[in-house]
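Fold and contact review
Residue-level listing of the chains:
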Amino acid sequence: MAEIKKLLDDAIETEINNLNSASNKDEKSEVIKNLAALHKLRIEEIKTETEIEEKSERRAMDKAAHDEDATLKAFQLDENTLDRYAKIGIAAAELVLPLMFYGVWMRRGLRFEETGTFTSQTFKNLFNRFKPTRKS
């Protein structure tokens, strides 16, 4: 790109020098046409350079956005995995802890009831649903 720009600049400079040395109108109009064509080429070269730079910047921004998205997705996946394990742990605790609590509570209540008293606070309202068996 730099070589093309340098060649265009040299050609334009040469044509400007030719314009100064041209003697009649035909030569001057030919030099002016050449200068106009060279300037059009220069403008197109500048446009091409600008497009290449824009595409390069766009690719760099897209790559940065893609990398950021990949990092975010990995972080979200890790968070979702951690959340899933926490939910499983909570569900297990919701199942096991009440069973353990009621197991201990019932054993203490039944031991108390084994003494033969019917005034236990544990089973006070539930006693009519139990059918006590007597040991003989």
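Higher on the page you've got the structure.
In short, a report on the structure.

Quick look at a negative patch on the surface
- On the surface, a cluster of negative charge is made up of E51, E53, E54 and E57.
- On the secondary structure map, E53 appears in helix α2 (residues 25-114).
- According to the relative accessible area criterion, E53 is partly exposed, its value standing at 49%.

Quick look at the nonpolar core
- Counting residues in each nonpolar core, the largest one holds five residues, listed as L8, I12, V31, L35 and L38.
- Taken together, the elements giving at least two residues each to this core come down to α1 (2-21) and α2.
- It is α2 that provides the largest number of residues to this core, a total of three residues.
- Sequence-distant contacts of L38, that is, excluding residues within four places in its chain, are made with L8, A11, I12 and E15.

Rules behind the numbers
- All chains use their own residue numbering, which begins from 1 and follows the written sequence.
- At least 70 in pLDDT is required for a residue's local features to be given in this predicted model, at least 80 for side-chain atom pairs to be given and counted, and no such filter applies to totals for whole chains, interfaces and linings, which use all residues.
- To obtain the side-chain values, all non-hydrogen atoms of the structure were used and water was disregarded.
- Residues qualify for a patch when their relative accessible area is over 30% and they have no salt bridge, like charges being joined within 9 Å and the nonpolar side chains of Val, Leu, Ile, Met, Phe, Trp and Tyr within 5 Å.
- For the area figures, the Shrake-Rupley method with a 1.4 Å probe applies, and any residue is considered shielded solely by the protein chains shown.
- By definition here, a salt bridge exists when the distance from a side-chain nitrogen of Lys or Arg to a carboxyl oxygen of Asp or Glu is within 4 Å.
- Counted as positive: Lys and Arg. Counted as negative: Asp and Glu. His and the chain ends are not counted at all.
- For this purpose, a charge sits on NZ of Lys, CZ of Arg, CG of Asp or CD of Glu.
- Helix and strand labels come from DSSP, where a helix needs a run of H or I of at least four residues and a strand needs a run of E of at least two; each type is numbered from the N terminus.
- To sort residues, take the accessible area from a 1.4 Å probe on protein chains only and compare it with the maximum for the residue type: under 20% means buried, over 50% means exposed, and anything in between is partly exposed.
- The term nonpolar core refers to a set of buried residues drawn from Ala, Val, Leu, Ile, Met, Phe, Trp, Tyr and Cys, joined through side-chain atoms within 4.5 Å.
- When checking whether two residues touch, look at their non-hydrogen atoms; a contact exists if any pair is within 4.5 Å.

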